[in-house]
Structure formats: structure tokens, C-alpha cells
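# Breakdown of the fold
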There are 2 protein chains.
Amino acid sequence: TATGVQTTSTKATFPGFKHPLDPLTPDEIVAVSLAVRKYTAENTPIKAIRFITTYLLPPPKKDVLAFLGIPLSTGSKPEPAPKITRKAEVDFIDVVTGDSYNTILALQTGVWKVETLDKLPDGVQAQISVEELLMCEQIIREDETVIRLAKEVGVEAHQIFADGWALGYDERFPKKDRIQQAIVFARIGEHDNLYAHPMDFVPVVDSIAKKVIHIDWPPQFAKNSDNISSESSLNFTSVGKDVTLKKPTTAPPPLQESSPDKPERARIPPPLEPQDFLPDLIKKANPKFKVRDDIKPLHVVQPEGVSFKMDGHELEWQKWKMHIAFNHREGIVLSTVTYNDDGTLRPLFYRLSLSEMLVPYGAPEHPHPRKHAFDAGEYGMGTMANELALGCDCLGQIHYLPGSFVKHDGTAFLIKNAICIHEEDHGLLWKHTDYRVGGRSHAVRSRRLVVSMICTLANYEYIWNYYFYQDGSAELEIRLSGILQVYINPKDEPNPFGSIVAPGINAQYHQHLFSVRLDSMIDGLKNTVVETDVLQLDAPTGSIHNFAGNGFFTRETPIAKQKDGARNYDVEKDRRWIITNPDHQHPASKKNVGYAIGMKGGVCKSMAKPDSWVAKRGGFTQSDLWVVKDKEGPKGSRIWPSGKYVPGTRGEHQEEFITSWVQGEDNLVGEDLLVYMTVGTTHIPRPEDWPVMPVEMLRVSFKPFHFFTANPSMDVPGANDSHSGAAFPNGDAACCSNSN
Amino acid sequence: TATGVQTTSTKATFPGFKHPLDPLTPDEIVAVSLAVRKYTAENTPIKAIRFITTYLLPPPKKDVLAFLGIPLSTGSKPEPAPKITRKAEVDFIDVVTGDSYNTILALQTGVWKVETLDKLPDGVQAQISVEELLMCEQIIREDETVIRLAKEVGVEAHQIFADGWALGYDERFPKKDRIQQAIVFARIGEHDNLYAHPMDFVPVVDSIAKKVIHIDWPPQFAKNSDNISSESSLNFTSVGKDVTLKKPTTAPPPLQESSPDKPERARIPPPLEPQDFLPDLIKKANPKFKVRDDIKPLHVVQPEGVSFKMDGHELEWQKWKMHIAFNHREGIVLSTVTYNDDGTLRPLFYRLSLSEMLVPYGAPEHPHPRKHAFDAGEYGMGTMANELALGCDCLGQIHYLPGSFVKHDGTAFLIKNAICIHEEDHGLLWKHTDYRVGGRSHAVRSRRLVVSMICTLANYEYIWNYYFYQDGSAELEIRLSGILQVYINPKDEPNPFGSIVAPGINAQYHQHLFSVRLDSMIDGLKNTVVETDVLQLDAPTGSIHNFAGNGFFTRETPIAKQKDGARNYDVEKDRRWIITNPDHQHPASKKNVGYAIGMKGGVCKSMAKPDSWVAKRGGFTQSDLWVVKDKEGPKGSRIWPSGKYVPGTRGEHQEEFITSWVQGEDNLVGEDLLVYMTVGTTHIPRPEDWPVMPVEMLRVSFKPFHFFTANPSMDVPGANDSHSGAAFPNGDAACCSNSN
Ligand SMILES: [Co+2]
Ligand SMILES: [Co+2]
């Protein structure tokens, strides 16, 4: 997030507008805010505005391609370049009425003009802003009840801290209100790891009224052997853990039956032992602690500089060309990605990004099920981006791109180093040796381009690494780090839905489910997704068709109708998906050119039921792959699988969800398609993830499949690094004999 | 392989014997050969010996641990150090009779003495040697029939080349004979890529008699529309590909019915277009070809040297200590791996290696099903290891370990640089930022230790990277490269079981299935493998037990009996396996300490039927995980899942296979266990894999799970690289403020 960042200068190194998808600059954001204020003052009764999001409204896809000279189908002439009108879209709140608005502006002869202004339907909530998240903490810190409840368990007012969360799902509160839940912690020193001191109550906060409106009390589990009365309790032997919930239901209690003074259980003082991640603080708590001194420096040096070129937001590296933008919601957005195949410009990806994600927790007892964070749709991955620093987050020769988003007051936050671009050596790309006596050998090392960003979502860190390779493949690697979301666990009480990672600290089971969105244009906009299964021959071993029993083949099924757009991985069939272009064929195989999606290691089945709150709100988690026909409207393409406005949704407006896009008979063969990949990880926390998690990784890859005539990296120069040396004296210093 | 290598000097930098698992040195191999010759001359009628394998017979596990001072259970006193007798095991062939022998020798007061000499049962075949593989090519090149058949399709005698393969499975030939099949190619220039010119017949060779004994002829597929007579053909519409085999069966024809002059189809001249991988040859064929010149140098420098120490074969790096050996069969073998946990020596892995692998092809028609190579058991991964070179195969400061194995004549092959040891930066290891205004941030980069080897298995290359991390995790990454195994495909003929990767070149579908073997000693030898499933609560959404529908939990099942030792991955349950020690618990969670196996992305279901030739010989491919009680005998532990002697097996002697080890009631809780992980990839070849494959990767990881009190990498110094810089002038040069 930008909260720790200087936000005054809007100069920095922000590239100007050259490409139609260049994000709004800080100056543009400010100008747009002024235009909105002017318009609303002159034309509406709106008195006070809280800006929530201000961002580029992208021009129509075909206009962008025509503007850039990218053909609609490889080899054809690009369409004539159209005039591009720069547009902005803004969500804001009238803080007097609490009403939300969406407005679209266009830049007309240097001036931003409002084109449309729509009041959003009651209950539709725009993204929760960074300032609102901070405000949530502020509100509870000043609340008398919260202060009293904290004091009852030994926590002083100044020690109260909280992460503001979306409310998730709670039908007891009106949708119209702008409500958050506060996950409360004690903090025992200025930079202390507050997550080490979870507290036992959950305030609910109204960020328009700026007050605490309710307190929720999680209940208690006990061992069955503790002889719990059956009337007021719920047996959970079904989970095989011999536990009872000391409460007759996991459902939320009616508001009128609950009160700040009616905890569901005996109060629990938070564990106060420090569990820090800052080395100076660790040392303070444990004087014997010392940082390892046996790791020798390792530097990456590029004496002739980097191999990529930047023109504003446009990057060229090897045969790749792409536009790299920052988006308040998705973070990195890669657009108009093309490949120069021996002089032919080949379109690949119109747009690639994280479109949504969901982190549902697995504890069924109220209020824990409310914890299912849509980190992109509710908060915005971009607004949570770290300010990056040289030699720290990336190694080597680095280029940064800035990111910017609007503040409540209409000015702009600026993250000067939001996106990091650099190169890495990635080991061998290919090698072959003719093993015969006198046979020759050739090895080529893999250089990869990395476009990365690091985001802090309260406790968690997400590291997004987009990789591009010299063999025409690309990959998104997601690394998870940061601090576990935890709840308090009194000694000797069972916690059937979490791991004890330290004394008193229960890290509840959860999933991280990502929706990676690819707007493909493999050799052009008209694409078909083919599902390929690998199948054993039916015929039995010993039969004339399959005498040795080894026969297997592939079955390729184009995903032909929109109603068949939701697909599931099948490990038994080694199912895979390939985005093809039916208008272009490989010269030798005659197969349609394509790119294969690699998500085998990232597939993650939803542990929430198909009719759960989680699934009603985040239907994208219920299938592994979604193929959807794009339909551009006045506000652009289909993007958001769980709706544009995510906070507070309860499964209504399903027509705006991906689940409803995969209905009907629409043709999907040779159409302008979107592919959404659901990947993730089920996180059963380990003590080793505490106090900070070493990175957990998952990947989605895109590999050419009958797209290039042959291996497109045959022209990468042979490996021959003159700076490598023997680790020890007397080591063998013979160098490789690769010839280029 | 060592065929291109100087083999005269046995001095080099071979470390002497310090650790009981140090492999035999070249001098020891020579001494052992002399001892075998002397003994057989004096005590047997054996007249002429072909040495096949000579290697260390490891001392008993507990003796090794005691010798090294590693306790049988963490915290207990190591056993008293025993006397270790150095032993060698040898397989050789009497080339007069064709009989095979196994002999064990012991080093007694500086002299190798034969302890046992056993004639192997008729039909049991030792590994096929590098020299025998080369001999196979030599034999067919000199064979009049082969020369005539080649000439018939325009290939001159000097253009005939072949890869010697094990015969696979062919009941028409006596098991007693030492037989190979030759996969024949034409070669049109000295260093030409011969795989671009596959030929249409398959000679069968006897390497004792040194002659071609048979010619096999693959048949032809046609389109159904070509109106094939139904009597002499076989319809394959079941594969959905509208094809007919122009032959009534996929079974091998009786030997008496087949002849070199009775091809199953019209002869096919091989495609002769060059498809080279050496840049000078590519340029010769295509003068417009040029190597990329836009990739700037990138160096890894370690001005203060490496962070690891070597003492012979023993390595210490960060808190890891391990023994690294070369083995003719498995390649890299990592043994006695321990972790120094704040002063406590904690045993982790007794031994980790590739124990077997299998590459079955999916074409059902004879003779293609014979192609299912056991690259470790039939040929030996170690004997195929590349001689590595600085700056070529690895970047940075490198230490190499040599490898050695016996030649037919009893002298030693020496690969001076068989195993590469170096360090790599691996991006962020962990990071957290307190997002509050003024909040602090800390980031730590991941340094990893790499122990690697590259092996050339005829056409294919395998790259083995064992990684060790600072957070206590370890990983085996397997990279596949090299050249596809291909067959000829005449224009316009269908190939229902392969991909056309270039004109006339059919790359048949196949799988690469690896058996990774871990002899675990997590906090000691007594381990239990726990299968953990993640399960949704049964109770429906809206019910009192699961009101929100989000509840999920874990079910942990110890694998308790030997008959339950074969386990399968279940993606729906996100099944995972953890190797635990029931005698040691995590201080906070009270759970048994353990290491979790990560193989989700590597799981690969066998496409051969359970009663196929492939499965009869390679039963390990039929389950994803195998848990087996180790039983040490006079020849060491259980190691080889498809038997010690693999060539020519047909499923007999199942008692020596992993499939029979998982029978019976033996207890597996708290026992000395072996875990075999079957991972791999189903390879549906792409034209982009041709003429050389860019690396395909798969991984198996081992992560501490309730093993350490907390994240063991909290003491890694903060990231702060002074050599990183801005890619372009005017870039932001602000450095990170991490404090250590
Ligand atoms: Co997590
Ligand atoms: Co392959």
C-alpha cells in the first residue's frame, strides 16, 4: 500500500501517454477529480465527495489494435488507425447520503468532460479504499466499548490495533451501509508484530457513520470428554476430532440477542509474548539471537546493461513486445503482447492480469465464515502495492514503473517504484550432446524477463512474477509470504479448523484462490479453446488392438458452446487446455496454432460448498477453467468474475458474474474469447510459516503449441560465461567449448 | 556419457575415502577388477570377463550413522562407532558362455578379497553398458542385411547410425540372450542431427554373439476413407481418429513368419532435410540464420567466494550437512543429510536419489510397445552423466565432484566434472511490511544450494537439480531437454499416436515417469507416513454445523500396514503426505514433527494398463506414492522398485519389485521407512520441442511440517545488495532500508 509513501510530488518519472492503454497519470487523476467536483457542484445536489477509484476506461479492443498496427489476424493488414478518445472512470461516494456513483469522463481538447453520471443501486458498494481500511482501525481505537472490552483482558487503549476487512457476508446488516469488520490485535511495542496478539472479539464498523455498530463474539470448542451439555452445544465428531462447539449453532445470532456484554465464552487475554520479524526486535526479545554470518555476497552484474528497451509503458525484449500498466485493482496488467516471429508480428495476449482472488477460511462458526477476502475486488491489489527498492526486492539492473491511484480527496497517491522490470538467468534452456565418441554438444542458457510487483494485504504478502522466456513461453508465478491470519486459542482448547503455530496462536485453515484472466489473441482475436484428454486405449492388454497394453492417445474437444464454458481439471486424463486459432495452421502438422495453458500444479479445488456464501459470491472458485466470449460494452470488456462491485455482495446480480456468462448457446469456436484460470493453494498452516511465511509458490504457464514452426529459441547464443570460476583453489577451470 | 571423455588419468581431484559412503575411486575400481580376475582365474573356469558394473556396497545403515555420530533419534546419544569394512559389488559377464555373475569383495588390510561369487540365474541380465550401447551401433553398421535394407531407401552404409536400446519386452527371444534393439537413423554429415532422418526398420542385435538376429518392421496406418480391406486390417475408430492399421493385429508376428525381406508396408526413404541444433550447421543449411545479438551479458559474481564448505564428498552449507556421491545407476546420491537446528543435530534424509525411471511410448503396434526405457535400471543414469564445463552448464562459483564407473576391460571411466555444486539467488524468501503509516518492512532473499548433474540418454537430456533452501526445505527439480525420440511418417499418412513435429517426423506420445526414492530419517530412523486429506464438512450449507457452507478440515491417516503402502493422489481432497516421527513433537502444536512431500504438480498417472508390459515390468508407475519398510540384507537396503536386474524382465521375480513389498501386515508406524514418489510428465510432443526441446520441468519438494519451532529462516540477513542498479539513466537509485 502507499500509506508509507511520499505522495506530494507527481513529477517523478511517470511516462506520458503514448499507448492507448497507458494508465492515468497522477496529474490526470487530479484533473479528473476537479472535473468531477465541478460537474457535481453545478449539476447535482452532491455536497461532499469521497473518491474511491479513478482509472483509465480503456478504448475498444479493435481500436487499440488498429492504433498500434496489430492485425486482427496474423498476416492480414491492420485496420486503419482510428481516433482514440482518452476516457476515465470514477467511483465515488456522497458522504452525506452514503450513495455511490459511477461517472465516465472523456478528455476533449485538453479538458476532462463528464459524459455519464450514474447513481449506483442501493446496496452496491465500490471497492474499499486504503483510507477506509485505515479509518476502520481509527474508529475502533476511539470507541469506548472497544476500549472497555480490551481493558477487560489487560490491553490498554493505545495497544489496540486492527486490520479493517470487508464484512464478507452478513445478512443481519443492511446492504446499503458501508460496513467493515475489524480484526483486532494488541500491539505491545511500536513495531511489534501485532498478529502475535490476537484478540477475542470482532467489532463491526460503519465507515460513513464512522462508528462501531456491533461486537461479534466467536464461540469456544471443547473436547467431548469435557462433558458438555448437549442442549447448548454442537457435536463435531463428524470431523473426526472429538470436539464440541459450546453453542447450538454455527449461525450468526440475531442482533437483538447479542451484545458487547454477552461474550459467547469466557474472555481470553491475548498472548503477549513477542513474535517479531524485524531482526532488531527479535534480538531485543532474545539476546542470543544472531543473524547468520555465513552467507557470502552474490551479485548479479550486467556490465553492458539490460537487454530490454522501454518506451514509456511499452517494453521490447528479445522478440516480445508488450504494454505494462499499473491498475489499482489488478496490479500489473500486461496488454497487447505480441511476438516477432522472424519478421512477422504475431498477436498473442490482448490482456493478462489477476482479475480476482478469494481467500476463504474454513472455520464454520460465526463470525469466522465472514472471513473470505476478495483481495482484488474488495480492496484492490494495485492499491496494496509496495514501494520497491533497489537491491532489496529485485537483484541486478532494474527498471521501475510507477503506479498511481486516487485518494479520498481527489489527489493522487503515487508509488514511484510499483512495478519492477529486470532480467534473470534461469538455468539451462536446452542442451544436447551427441554421446558418440567425438560427438559435439551444445547448451543454451535461459534468460528470462521478469515483471513483478509485491503487494501487502494487511497480514499477507503476495509477490507477482510474470516471466517471459526465449522459447516463446510465459508464466505467472505467485509467491505467498507475509504473516498468517490468526485467531486466539487458549491453552488446551481444541481448534478443529486450524493449526497451532505458536502458543495461543491458531492459524485457521484457508485457501488462496486466484482468478487469472487472459484475453487471448493467438494469431488474432478469433480463438477456440480445445480441451485435450490423454486416454488409454479401451482395448484390453493382449487384444489385437492393444496387445502390449501400452496404447494411449489424445482426444481433442473444442469448447464449442457457452454453456460448456466451465471446465474442470482431471488428473486421471492429464487434461489440458489449448487456446487455438482455427484460421492458422502449423506448416508440418497442419494442426491449428495454439498456446497451451499449464496449470497442473496450481489447480486447487474449492473447499466451500457450491451453495456456500463463498461460492455464491465467488463462483469462479467452483471450476478450474472458464472460457467466456468477450462482450464489450460502453464500460469495456467483461473483466470481473465476481462482479465489478464486490463488497457486500450476497449472490444477487449473478448476471454480472462469470457463472452466468457460461450459460446459453453462444458459439465459442473462432470467437473473441476470455479464459479465466482458477489456481491456488489450500493452506494448512505450519509453525514454520510463523512469524513470517517463507514463500509458497504456484504457477500458471503459457506455452506455444504448434504455434512456431520449430523451437523458437534455436538462435539463442550458446552458454559461455567468462566470469564463472572454480569455488576452491585447484578446481577445474576448463571452460565450455560452445560455439555460437 | 563418458564416451567423449579422456579416460587415462585417474588422478584428477578425486577425494579419498573419508565417509563410509564415498564411492569407489578409479584406482579402487581397477584394483577390484584385478582382484576379480585373479579370483576367477584361480577358482573358476571363466576365461573372459566383460565388466558391467563395479560400485561401493554400502555398509549397514546403523553402522554408517554410528560412524558419523548421527543419533538414531534426535537428542539421543549416537551409537558407539563400529569398524567399517569397505566393500565392492561387481556384475560381470562371462563372454564365452554369456553367463552373468555377481561378486562381492571386501577390502582387507589394503587388499580386495572376493567374499562371494554368484552366477545369476539364466535370463537375469545386468545393466547394459555404455560400451554395449555403442557396440549395438557398430554391429548393425557392419551387417550386410542392414546395409542392403538401408541402401534400398537411398541410405549409404556409412550413413547408418543407431541408438542401442534395451529390447524392452519380446517373448519371441530367449531371456538368456543379451539382446538389444537398434533404433536406426541416417546421418548425412559428421555432426548432423541424425534424429531428423529416422528409418523404417528395427534390427535386433545379440551383443554376445555380436550379430543382427532379426529385423522388425513397423506397420502402416491409413485413413478409413482409403477403403482398407477389413480382413487384413484393424479399425481404430475407437481413438476417434478415423484410422485403420493395415495389419490385423498389434501383436508381434511369429519369428518364422517375418523376414528382413517381408516389410509390413512399402518401404519409406527417410526425410533427409537437415534439422540441426549446432548453430554452425543451422547456418550452413540456412545462410540467413543468425544467432541473436540482443542478449546482454549477465554475470553472477561472488567476490568473497562460496558459502559452502567441502570435505571430500561431504558438504556443509548454512545449517545443512550432507554427503554427495556419484552412482553409476542413480547419478547423484545424497546421503546422511542432517540439519543443525540451533546446535542440535537433526537427522533428515538417510538417502535421496532417483531409484528408477520409465519412458513408455503410447503407440500400440509392434514393435513400438517395446520402447519403454528404464533409463536408470537398464542403462544407468550415472554412466550417462555429462562432463560439465564452467560457465556453460552452471553460472557462478562452481565446485565439481567427479564420477567413475567400470569399463568392460576392468579399467575405470572417469568423469572429472560429473556433479556441479553451486549457489543461486532465488528471489525473495520472505517479506512483510506493516502497511500502517510509518510501518516498517523487512525482506529476505532466498539463497539456494544447487547440486546438479546432466545426463544424455541417447536422444534425451535430463537435468537433475537438487535444491536446498534456508527455510529447511529441499527440492528435486527435473528438467527434460534434448531431442525427441521419433519415427518416420510418410506424407499424408495418419499417425494416431504421435505428433508431426516436422515434415516426415512423427514424435510418438510417451510418458516420463520417475521414481524418486527417499530413505527418510526425520529426527531419527523411526518414521510414520501420514496421509492428510482436506475435506469439506458433510453438513449442508444452512445447517447448524455449517451455516455458511465454508467449513473444511483435515483428516490424518497414518499409513499403518504394509499392504496399505501404495497410495494415490486425490486432487479433490488436496491429498498430501507427511513423513512424521512419532517420538518427537512440536512444542506448541504437540503434533508429531514431520516433513511434507510436495508432488502435486508432478503427479502423472500411468497411461499403460495395470496388466500391460509396462506395468508388469514397471509396477512403480501404477501408484503415486509408495511407503515401504526397509529391510537390509547382505547386499544393502531395498532400493530398486523394478528389480536390481532390469533388462529383459517380463514381470517374473515380482518378489523383488516394489509391488510385492507393499503386501502383508507388517507395521509401518514408527519404522525405518522408504518412500518412493512417482512423478513425471505425459509428453504430447510439440513442433516447438524440435529439433531440441526447451526444458520441461517438474518438481518434488520436502518441507518441514511442525518440525521447527518456527520459521527457521528468521535469521537470514536482510536483502541489501549494493551492486544492483538502475537499468537506465535517471532511474531511481534509492536503496532498500532493510536492517539486519
Ligand atoms: Co495462507
Ligand atoms: Co519426452
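Please read these numbers as outputs of a predicted model, since none were measured by experiment.

So, how was this worked out
Residues numbered from 1 in each chain as written. Chains lettered and ligands numbered in written order. Predicted model: local features only at pLDDT ≥ 70, side-chain atom pairs only at ≥ 80, totals over all residues. Heavy atoms only, no water. Helix = DSSP H or I, 4+ residues; strand = E, 2+ residues; numbered from the N terminus. Rg over C-alpha atoms; globule rule 2.2 N^0.38 Å. Buried < 20%, exposed > 50% of the residue type's maximum accessible area, 1.4 Å probe, protein only. Contact = heavy atoms within 4.5 Å. Areas by Shrake-Rupley, 256 points an atom, 1.4 Å probe, with all protein chains shown as cover. Lys, Arg positive; Asp, Glu negative; His and termini not counted. Charge placed at Lys NZ, Arg CZ, Asp CG, Glu CD. Least-squares fit on C-alpha atoms with pLDDT ≥ 70 in both. Polar contact = N/O pair within 3.5 Å; in protein donor to acceptor, adjacent residues only side chain to side chain. Domains from an automatic or database assignment. Buried area = accessible area lost by both parts, 1.4 Å probe. Salt bridge = Lys/Arg side-chain N within 4 Å of Asp/Glu carboxyl O. Nonpolar A, V, L, I, M, F, W, Y, C, P; charged D, E, K, R; others polar. Pairing = 2+ DSSP bridges. Donors = N, O, S within 2.8 Å, 3.2 Å for Na, K, Ca; no water. Tetrahedral: all angles 85-135°; square planar, octahedral: opposite > 155°, others 65-115°. Axes fitted to C-alpha atoms, helices over the stretch in contact; angles between N-to-C directions. pLDDT = per-residue confidence, 0-100. Disulfide = S-S within 2.5 Å.

A count of helices and strands for chain A gives eight helices and 36 strands. For 740 residues, the compact-globule estimate of 2.2 N^0.38 gives 27 Å, and chain A sits close to it at 28 Å. Looking at chain A as a whole, 68% of its 740 residues qualify as buried. A fraction of 68% describes how many contacts in chain A between residues 6 or more apart in sequence connect residues 24 or more apart. Split by element, the accessible area of chain A, about 24000 Å² in all, is 51% carbon and sulfur. For chain A, the centre of its 80 positive side-chain charges and the centre of its 93 negative side-chain charges are spaced 2 Å apart.

We now examine the relation of the copies chain A and chain B. When chain A is fitted onto chain B, the two copies agree to an RMSD of 0.0 Å after a turn of 180° and an axial shift of 0.0 Å. What the rotation and shift describe, once combined, is the action of a two-fold rotation axis. It is G601(A) whose C-alpha, among those of chain A, lies nearest the rotation axis, at 1.8 Å. When the interface residues of chain A are mapped onto chain B, 100% of them again fall at the interface, so both copies present the same face.

Our focus in this paragraph is the side chain of E423(A). Residues and elements named next belong to chain A. Within the secondary structure layout, E423 lies in strand 20 (residues 412-433). Relative accessible area serves as the criterion here: at 1%, E423 is assigned to the buried category. At 2.9 Å, the side chain of E423 forms a polar contact with the side chain of W317.

A few words now on the domain arrangement of chain A. All names here are of chain A. Per the domain assignment, the segments of chain A are domain 1 (26-119), domain 2 (130-285) and domain 3 (315-483 + 510-683 + 692-705). Inter-centroid distance (C-alpha atoms) of domain 2 to domain 3 is 35 Å. Contacts between domain 2 and domain 3 engage 35 residues on the former and 29 residues on the latter. Counting the surface lost from both domain 2 and domain 3, the interface buries some 2700 Å², and carbon and sulfur atoms represent 65% of this. Where domain 2 meets domain 3, there are three salt bridges. For the salt bridge of R370 with D170, the shortest nitrogen-to-oxygen distance reads 2.7 Å. Linking domain 2 to domain 3 there are 14 residue pairs in polar contact (both at pLDDT 80 or more).

At the interface, 212 residues of chain A touch 213 residues of chain B. Between chain A and chain B the total buried area reaches about 17800 Å² when both faces are included, carbon and sulfur atoms providing 57% of it. A per-residue breakdown of the area chain A buries against chain B is headed by R292(A), Y435(A) and F552(A), which together make up 5% of the total. Across the salt bridge formed by D163(A) and R436(B), the nearest N and O atoms sit 2.9 Å from each other. Across the side of chain A that touches chain B, the residue classes tally to 103 nonpolar, 65 polar and 44 charged. Looking at chain direction, strand 36 (residues 725-726) of chain A and strand 19 (residues 397-406) of chain B are connected through two bridges and run parallel. Residue pairing for strand 19 of chain B: A726(A) is matched across the bridge by I398(B).

Another aspect to go through is the coordination of the cobalt ion (ligand 1). Of the protein atoms, only Y460(A) (OH), H510(A) (NE2), H512(A) (NE2) and H683(A) (ND1) coordinate the cobalt ion (ligand 1), at distances of 1.8 to 2.0 Å. Note that the cobalt ion (ligand 1) binds four donor atoms; their angles at the metal cover 88 to 131°, and the shape is tetrahedral.

On to the sheet that holds strand 26 (residues 505-508) of chain B, then. All names here are of chain B. The strand order 24-26-25 describes an open sheet built from three strands, whose pairing is antiparallel. Since the sheet does not close on itself, it has two edges, and those belong to strand 24 (486-488) and strand 25 (498-502), each with one partner. Along the sheet, successive strands turn relative to each other by an average axial angle of 40°, direction set aside. As paired strands, strand 24 and strand 26 are joined by three bridges and run antiparallel to one another. Among the inter-strand pairings, I488 is bridged to a residue of strand 26, identified as I505.

Right, let's talk about the environment of L134(B) for a bit. By the element assignment, L134(B) lies in helix 3 (residues 130-141). L134(B) sits 351 residues away from Q485(B) along the chain, and the two C-alpha atoms are 18 Å apart.

Moving on, we get to unusual backbone geometry. Between W690(A) and the following residue, P691(A), the backbone shows a cis peptide bond with an omega angle of 0°. Within the secondary structure layout, P691(A) lies in the loop between strand 34 (671-683) and strand 35 (693-705). Omega for the bond connecting H366(B) with P367(B) falls within 30 degrees of zero, at 5°, which places this linkage in the cis form. Assignment of secondary structure puts P367(B) in the loop between strand 17 (344-360) and strand 18 (372-373). For T109(B), which is not glycine, the phi dihedral falls at a positive 45°. Classification of T109(B) as exposed rests on a relative accessible area of 81%.

Here N459(B) shows up in the loop between strand 21 (441-457) and strand 22 (460-468). A residue is classified by how much of its surface remains accessible, and N459(B), at 2% relative accessible area, is buried. Remark: the alpha-carbon pair of N459(B) and I559(B), spanning 100 residues in sequence, is separated by 40 Å. Discounting residues that sit within four places of it in the chain, N459(B) has contacts with H432(A), D163(B), Y195(B), G482(B), I483(B), L484(B) and Q485(B).

Okay, the coordination of the cobalt ion (ligand 2) next. Expected angles at a metal are 109.5 degrees for tetrahedral coordination by four donors and either 90 or 180 degrees for octahedral coordination by six donors. All names here are of chain B. Looking at the cobalt ion (ligand 2), the protein donor atoms are Y460 (OH), H510 (NE2), H512 (NE2) and H683 (ND1), and they sit 1.8 to 2.0 Å from it. Considering all four donor atoms around the cobalt ion (ligand 2), angles at the metal cover 87 to 131° and the coordination shape is tetrahedral. Here the donor residues of the cobalt ion (ligand 2) share one chain and are spaced in sequence as Y-x49-H-x1-H-x170-H. One end of the pair, H510, is in strand 27 (residues 510-520); the other, H683, is in strand 34 (residues 671-683), with 173 residues separating them in the sequence.

This paragraph deals with the confidence of the model for chain A. When pLDDT is averaged along chain A, the result is 94; 96% of the residues meet or exceed 70. Note on residues 2-13 of chain A: pLDDT under 50 across the span, and 25 contacts to partners over four residues away in sequence or across chains.

Turning our eyes to something else, we now look at the environment of V243(B). Residues and elements named next belong to chain B. Within the secondary structure layout, V243 lies in strand 11 (residues 243-245). Put simply, V243 and E131 are 112 residues apart on the chain and 41 Å apart in space, counted from C-alpha to C-alpha. What V243 contacts, discounting residues up to four positions off in sequence, is F221, A222, N224, L234, N235, F236, T237, P494 and P496.

This next bit is on the pattern of salt bridges. Residue and element names in this part refer to chain A. The final tally for this structure, using the stated rule, is 116 salt bridges over all chains. Note that D293 and K290 form a salt bridge whose closest N and O atoms lie 3.7 Å from each other. Using a relative accessible area of 62% as the deciding quantity, one classes D293 as exposed. Residue E477 is joined to R699 by a salt bridge in which the shortest nitrogen-to-oxygen separation is 3.8 Å. Here R699 lies in strand 35 and E477 lies in strand 23 (residues 474-482), a separation of 222 residues in the sequence. Assessed through its relative accessible area of 3%, E477 is described here as buried.

Take the state of the cysteines next. All names here are of chain A. In total, this model carries two disulfides over all chains according to the counting rule given. Between the sulfur atoms of C394 and its disulfide mate C420 the distance is 2.3 Å. Placement of C394 in the loop between helix 6 (375-379) and strand 19 (397-406) and of C420 in strand 20 is noted, with a sequence separation of 26 residues between them. On the basis of relative accessible area, C394 is assigned to the buried category, the value being 4%. C394 provides the cysteine sulfur closest to C455, a residue in no disulfide bond, and the two sulfurs are 13 Å apart.

Now for the sheet that holds strand 11 (residues 243-245) of chain A. Residues and elements named next belong to chain A. Ordered by their spatial adjacency, three strands build an open sheet running 9-11-10, and the pairing between neighbours is antiparallel. At either margin of the open sheet sits one strand with a lone partner, and together these are strand 9 (221-223) and strand 10 (234-235). Bridge count between strand 10 and strand 11: two bridges; the pairing is antiparallel. Along strand 11, the bridge assignment pairs L234 with L245.

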